[in-house]
Amino acid sequence: MAITYLEAIREAQAKLLADDPRVFIYGQDVGSFGGAFKATKGLAKEFPGRVLDSPISEDAQVGVAIGAALEGMRPIVEMQFADFSTCGLNQIINHAATMFWRTNVKCPIVVRLPSGGTAGAGPFHSQSMEALYAHYPGLVVLNPATVEDAYSMLIAAVHIDDPVIFCEHKYLYYHLKAESLPTEALPVGKARVARPGRDATIVTYSAMLHEALACAEELAQDGWQIEVVDLRSVKPLDTDTILGSVARTGRLLVVGEAFPWGGVTAEVVARVATEGFGLLDAPPMRLNAKDTPVPYHPNLWGTHRPTARAIIGAMRELLHA
Amino acid sequence: MLQTSDFASVKPQTDTRCERYLGAFRWMLLARVFEEKLASLYRGGKVVGGVFLGKGQEALSAALGVSLRKGDIYAPLIRDAAGRFAFGETLLDAARTIVGSRLGPMRGREGNIHRGKPREGYYAMISHLGVMVSTVAGGLIARRFKGVKDVVGATCIGDGGTSTGSFHEGLNMAAVEKLPLVVVVANNQYAYSTPTSEQYACADLIDRAIGYGVRGHKVDGTDPQACFDVVGEAVARARSGEGPQMIVADLLRLVGHGEHDDAHYVNHALKVSPIGRDCLDVARTQITAAGWMTAVQMDALREQLQAEVESAFATALREPLPDPNLEDWRALSTESLAEGRA
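Scoring rules and cut-offs
- Residues numbered from 1 in each chain as written.
- Chains lettered and ligands numbered in written order.
- Predicted model: local features only at pLDDT ≥ 70, side-chain atom pairs only at ≥ 80, totals over all residues.
- Heavy atoms only, no water.
- Axes fitted to C-alpha atoms, helices over the stretch in contact; angles between N-to-C directions.
- Helix = DSSP H or I, 4+ residues; strand = E, 2+ residues; numbered from the N terminus.
- Parallel < 35°, antiparallel > 145°, perpendicular 65-115°, else oblique.
- Left-handed = near helix turned anticlockwise from the far one by under 90°.
- Contact = heavy atoms within 4.5 Å.
- Salt bridge = Lys/Arg side-chain N within 4 Å of Asp/Glu carboxyl O.
- Buried < 20%, exposed > 50% of the residue type's maximum accessible area, 1.4 Å probe, protein only.
- Expected span 1.5 Å × (residues − 1).
- Polar contact = N/O pair within 3.5 Å; in protein donor to acceptor, adjacent residues only side chain to side chain.
- Core = buried A, V, L, I, M, F, W, Y, C linked by side-chain atoms within 4.5 Å.
- Domains from an automatic or database assignment.
- Buried area = accessible area lost by both parts, 1.4 Å probe.
- Pairing = 2+ DSSP bridges.
- Nonpolar A, V, L, I, M, F, W, Y, C, P; charged D, E, K, R; others polar.

Chemist: Break down the packing of helix α4 (residues 91-99) of chain B against helix α11 (residues 295-318) of chain B for me, with residues and values.
Modeler: All names here are of chain B. Two elements in contact, α4 and α11, have axes separated by 8 Å at closest approach and are oriented at 50°. It follows that α4 is oblique to α11 by the angle criterion. Like other packed secondary-structure pairs, α4 and α11 cross with a definite hand, here right-handed. When α4 is examined against α11, the residues Leu-91, Leu-92, Ala-95, Arg-96, Ile-98 and Val-99 are found in contact with a partner set consisting of Glu-308, Val-309, Ala-312, Phe-313, Thr-315, Ala-316 and Leu-317.

Chemist: Could you give an account of the pattern of salt bridges, naming the residues involved and the relevant values?
Modeler: All names here are of chain B. In this structure the tally under the stated criterion is 44 salt bridges over all chains. Residue Glu-233 pairs with Arg-237 through a salt bridge whose shortest N-O separation is 2.7 Å. Placement of the pair is Glu-233 and Arg-237 together in helix α8 (residues 224-239), with a separation of four residues, close to one helical turn. As a salt-bridge pair, Arg-330 and Asp-328 come within 2.8 Å of each other at their nearest N and O atoms. Taking relative accessible area as the criterion, Arg-330 reaches 14% and is therefore assigned buried.

Chemist: How would you sum up α8 of chain B? Please name residues and give values.
Modeler: Residue and element names in this part refer to chain B. Look at α8: 22 Å from first C-alpha to last across 16 residues, which is about the 22 Å you get at 1.5 Å a residue. Taken together, the buried positions of α8 are Pro-224, Gln-225, Cys-227, Phe-228, Val-230, Val-231, Gly-232, Ala-234, Val-235, Ala-238 and Arg-239. The inward-facing, buried residues of α8 abut α1 (16-43), α2 (58-67), β3 (181-187), β6 (215-220), β7 (245-250) and α10 (279-290). Between a side-chain oxygen at the N-terminus of α8 and the backbone nitrogen of Gln-225 the separation is 3.1 Å; the capping residue is Asp-223. Directly beyond the C-terminal end of α8, a positive phi value near 100° is found at Gly-241.

Chemist: Account for the nonpolar core, naming residues and giving values.
Modeler: Tyr-133 and Val-268 of chain A together with Phe-34 of chain B are the most contacted members of the largest nonpolar core, which has 155 residues in total. In terms of residue count, the dominant contributor to this core is α1 of chain B (15 residues). With residues near it in sequence (within four places) discarded, Val-268 of chain A still touches Val-203, Leu-231, Leu-237, Ile-242, Leu-252 and Val-254 of chain A. One finds Phe-37, Ala-150, Ala-157 and Leu-176 of chain A within the second-largest nonpolar core, a separate group that totals 42 residues.

Chemist: Break down the domain arrangement of chain A for me, with residues and values.
Modeler: Reports often express the size of an interface as the amount of accessible area lost when the parts come together. Residue and element names in this part refer to chain A. Domain boundaries assigned for chain A yield domain 1 (3-178) and domain 2 (192-319). Measuring from the centre of the C-alpha atoms in domain 1 to the corresponding centre in domain 2 gives 26 Å. Both sides together, the interface formed by domain 1 and domain 2 hides about 2000 Å², and carbon and sulfur atoms give 60% of it. Seen at the junction of domain 1 and domain 2, the total is one salt bridge. In this structure, Arg-232 engages Asp-149 in a salt bridge whose closest nitrogen and oxygen atoms are separated by 2.8 Å. There are 11 residue pairs in polar contact (both at pLDDT 80 or more) connecting domain 1 and domain 2. Elements supplying a minimum of two residues to the side of domain 1 that touches domain 2: α5 (130-134), β6 (140-142), α6 (147-159) and α7 (170-175).

Chemist: Outline the packing of α10 of chain B against α11 of chain B, listing residues and values.
Modeler: Residues and elements named next belong to chain B. Two elements in contact, α10 and α11, have axes separated by 10 Å at closest approach and are oriented at 135°. When the axis of α10 is compared with that of α11, the two are oblique. Here α10 and α11 pass one another in a crossing that is right-handed. Contact residues: Arg-284, Ile-287 and Thr-288 in α10; Ala-295, Met-298 and Asp-299 in α11.

Chemist: Account for the sheet that holds strand β1 (residues 73-75) of chain B, with residues named and values stated.
Modeler: Residue and element names in this part refer to chain B. With parallel pairing, the five strands of this open sheet are ordered in space as β1-β2-β3-β7-β6. Each edge of the open sheet carries a strand with a single partner, namely β1 and β6. This sheet shows a mean twist of 15° between the axes of neighbouring strands, independent of strand direction. Two strands pair when backbone bridges link them, and β1 and strand β2 (residues 153-158) are joined in this way by three bridges, in the parallel orientation. In the strand pairing of β2, Ile-73 is matched with Gly-153. Across the face of the sheet, α8 comes into contact with β3, β6 and β7 while running at roughly 165° to β6.

Chemist: Talk me through the interface of chain B and chain A; I want residue IDs and the actual numbers.
Modeler: Contacts between the two partners involve 40 residues from chain B, matched on the other side by 44 residues from chain A. Buried area between chain B and chain A, both sides added, is near 3500 Å², and the carbon and sulfur share of it is 61%. Counting the surface chain B buries against chain A, the share from its top three residues, Phe-145, Leu-337 and Glu-339 of chain B, is 18%. Arg-143 of chain B serves as the salt-bridge partner of Glu-71 of chain A, at 2.9 Å between the closest nitrogen and oxygen. For the pair chain B and chain A, the interface holds 19 residue pairs in polar contact (both at pLDDT 80 or more). At the level of secondary structure, the elements contributing two or more residues to the side of chain B that touches chain A comprise α5 (131-145) and α6 (165-176) of chain B. Taken together, the residues of the side of chain B that touches chain A sort by class into 18 nonpolar, 10 polar and 12 charged.

Have a look at this one:
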C-alpha cells in the first residue's frame, strides 16, 4: 500500500487526535470540508468537535492556539498556505515565541505551513517561509522532505513543548510516495545523509532534496560521488552533520527554494565558513530562488526556483573550482 | 476576590452592596498609591524603561478584577493595576517586575506592565494591541474541551486598540464560538496622542457590538458604582452562557501615555467635562454619601495601603537583580533543541 506525503500528514494528525485528548486542529476549511489540500480529510467526522473551522483570521487562529496551549492543550493550526501565515506573524514571533522565555510557561503549538512552489501557484501561494521564522528566538522550524519525515516529524512536533513551525511542501503532497508509514525515526534536530559521497556535499532540505538527489544521480554517471545532506530541521540546525560531511568532501553547495537574501543557505555557509573554514577546498556556493516574487507561469517558475538542472550546473562549477 | 475583612474594624457590614463597593474601592486606592510610588521611583531614576499609569481608570479596572473569580482568565492591559491586584496579583510581584528582581515572575526579562502568571489564569500582555482577545478566547476553548463550566475570560483594551485587526479577528471569532468572553474597552479619549476623532468614525464604539453579534454595555467610567454594576452584569451574563460581552467605558486618561509624556495635547475642555472626573474623587463622594466610611477612615486606609506599597518596594529593591552570568540564555524550554548559546 503506497502512501503519499499528504496522506502521511493526514495519518499523523489522525494518530495524534486518537492518542492524545489534548490535541485539536484549528484552521480554515479544515472541518467537514477536510482542508484545502485534504490534509484533514475525514478527521472532523472521526473526531467530533476537535477539528474546528476558523474564520479567515490567521492572527486569531494563532492567538487561539496560544491561549489553548497555556491551558494545557496541544493545538495544531493549519494555515491554508504558508504565504498567509504572515497575517498571523505577530502572534507567532512576538507572542508564542516569547512566551516561555518571558513567563516560564510553555507554549506547545504547531503551525502547519503548506509551503513552496507548484506550477501555476504564483506569488501568494508558493512561498517558503522557514528563514523568516528561524530568525526569531523561541521557535522550532521543521522542513520534512520525505513521506516518513512528514509523518514522524509531525507527531514529534506536537510532542515538543515549544512552538513549532511545520513547513510541509505542497509539491511533495501528491508526488512523493512511500510503501508504508515509518515505525521509527531520527530525532528532531538531526540532519540525515540522504546519499553518501566523497567529492562534494549538497546541503538542502524539503522539495529541493529530490532535485539534489537527481543531480547526484546524474553526476554519478560521470563518476562523481556527491553527498547529499537533508537538514530535516532548519532550526535547530545540525551543524555537526554538515561539518562532518564537508570534512569528507571539502566542497559545499547549499540549495534552498526560498529567496536568496539571508536565509537558510546563507546560515549554513556562514557556519561552515566560521566553524569549518579549514575543511574547505573551494569557496562554498549557494543556490536559491531568484530575488523576485514567485512567478505564475511554469516557463518562469521553472527557472525561478532551483531545479536538478540548475544544481548540476552549479555543482560542475564547484567540482572544477 | 473581595477582602472585606480589612474593613471589619471600620464598620460592621451586612450590606453586600457596601461590601462589594468597599472591596473594589480598596483595589482602586491601592492601585493609585502604588502608581504614585511608581511615578516617584521613575522620577528618581529607580526604574529602567517606561512607566505607564492608570490614573482615572481605577474604577473600571477594579470593577472587572472583582467580578472575576479564581479559575477565570484575565488578560489586563497597561492601565489595569487595580484589576491586577483585585484578580490576585501580589504587590510584591508587581514591585519585583518593576525593579527587575530575579525573584519576580518576569526575572528581569520583562518589565513594567508586561507581567503575568499564565498558570494562574493571569496572562502576560505583549505590546501588540488586540492579540490578547483571541488568546483569551483560546484559553476558553481549552476550558470547553476540558468540560469546565462556569468560567469567564476577560481582557482589556483602549479606544486605540479597537482599531487593530487583531482585536477584530479575536472578537469576531469569539462571537462565532459563543465563548464566555468579556472585552472591556477603556475609551480614554487618547491613544498616546491621537484623539478618538482620528481613531474611529462610528458615533460610539459600542455600536460595533451589534456588528460582531455580541452584547454591548455602555458605562460612565468615572462612576465607580456604575462600573461595578455594569461590569458585574456583563461578567455574569458571560458566565451564564450568553456569549461574548463588550463593555465600552467613557473616561479620560488623567496622565500621559507614560510618565515620559506630559500630555500637553489633551483638550482642556475634556479635562473640565464630566468624563474628566477622577473616579477616586467620585468614589469618596459616593462612599461618604452612603455613610459607608468617613473621610478620616478613608485617609487612614490610604496610609495603610501606602505602608504596604513601601514595604513591597523595600523588599523588591533588596532582592538580587538579574545576572547575565547566571542567566539561562535560551528561548526554548526543550534544551536538546536549543541552538548554541554564543
